[in-house]
Amino acid sequence: MANHPVNTLCPALAELVSALQSVIPELRGNGIGTIRQDGSRHTAGLAADIMLDSTDDYEKMIADDIIAALIDMQGQIRWHDILYTDWLPGNRPFHYHIPGGGGGYGGHRLMKNPNHNTALGQAHENHIHVDWVDFSLRIPGDTVFVYDWPSDARSTGFSQGLMSRLMLSSRL
Ligand SMILES: [Zn+2]
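Everything numeric here is computed off the predicted structure, so don't read it as measured data.

Undergrad: Would you take a moment to explain the pairing of strand E2 (residues 47-50) for this structure?
TA: Across the two faces of E2 the burial is the same, with Ala47 and Asp49 and Ala48 and Ile50 all buried. Bridge count between strand E1 (residues 32-33) and E2: 2 bridges; the pairing is antiparallel. Looking at E2, one finds that Ile32 is bridged to Ile50. Across 4 bridges, E2 lies against strand E6 (residues 128-131) in antiparallel orientation. By the bridge assignment for E6, Ala48 is matched with Val130.

Undergrad: Mind showing me how you'd approach the sheet that holds strand E5 (residues 113-114) here?
TA: Hydrogen bonds along the backbone pair up the strands of a sheet, which may run parallel or antiparallel. Pairing is antiparallel across the open sheet formed by 6 strands, whose spatial order is E1-E2-E6-E3-E4-E5. The sheet is open, and its two borders are formed by E1 and E5, each paired with just one other strand.

Undergrad: Quick question: what am I supposed to make of the coordination of the zinc ion here?
TA: Perfect tetrahedral coordination of a metal by four donors corresponds to 109.5 degrees between them, and perfect octahedral coordination by six donors corresponds to 90 or 180 degrees. With distances of 2.0 to 2.1 Å, the protein atoms coordinating the zinc ion are His42 (NE2), Asp49 (OD) and His129 (ND1). For the zinc ion, all donor residues lie on one chain, and their spacing in sequence is H-x6-D-x79-H. Judged on exposure class, the residue His42 and its partner Asp49 are both buried.

Undergrad: Just checking my understanding: could you explain the packing of helix H2 (residues 57-72) against helix H5 (residues 159-168) for this structure?
TA: In a pair of packed helices, the angle between the axes and the distance between the axes together describe the arrangement. At a closest axis distance of 10 Å, the pairing of H2 and H5 adopts a crossing angle of 140°. Taken together, H2 and H5 sit at an angle that is classed as oblique. The crossing of H2 and H5 is right-handed. When H2 is examined against H5, the residues Asp65, Ile66, Ala68, Ala69 and Asp72 are found in contact with a partner set consisting of Leu162, Arg165 and Leu166. Classifying every residue of the contact of H2 with H5 by side-chain character gives 5 nonpolar, no polar and 3 charged.

The rules we used
- Residues numbered from 1 in each chain as written.
- Predicted model: local features only at pLDDT ≥ 70, side-chain atom pairs only at ≥ 80, totals over all residues.
- Heavy atoms only, no water.
- Buried < 20%, exposed > 50% of the residue type's maximum accessible area, 1.4 Å probe, protein only.
- Helix = DSSP H or I, 4+ residues; strand = E, 2+ residues; numbered from the N terminus.
- Pairing = 2+ DSSP bridges.
- Donors = N, O, S within 2.8 Å, 3.2 Å for Na, K, Ca; no water.
- Axes fitted to C-alpha atoms, helices over the stretch in contact; angles between N-to-C directions.
- Parallel < 35°, antiparallel > 145°, perpendicular 65-115°, else oblique.
- Left-handed = near helix turned anticlockwise from the far one by under 90°.
- Contact = heavy atoms within 4.5 Å.
- Nonpolar A, V, L, I, M, F, W, Y, C, P; charged D, E, K, R; others polar.

Shown next, in the form of structure tokens:
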């Protein structure tokens, strides 16, 4: 048995989704993908795909605001990893991931580290992925619960701060 209900967003993810959708109209409706029945981090309720295309200047600006806020507020939101894409001169993609500090993800904490897995990188050109996964909590062979939830996934109480931060950002 897992330490969480099935098909349910972890509390930190539920709060993040509702905070983002309340201040960013573009993310309402299908703008944020969460639970997916594919035996993945998404199935566990520990991951969100924030559908903002890095090749669209307006969506990329919103995405960069969100990522900057997530980095600054990692101590409260306690997410474990972010995947997204920047574009270098000559239209070359920089696929990166940012470890938050927990869960066993490698790389420099709170910095953009190159993601050398090309397929995974290309899959994260049209959305930000953010999660609270801890690899040590994988439930072996399980495709329904997939991972137990780490304590960081139960972080709450950050939504007011996050919404203020995003409303104050320069685009609004
Ligand atoms: Zn994802």
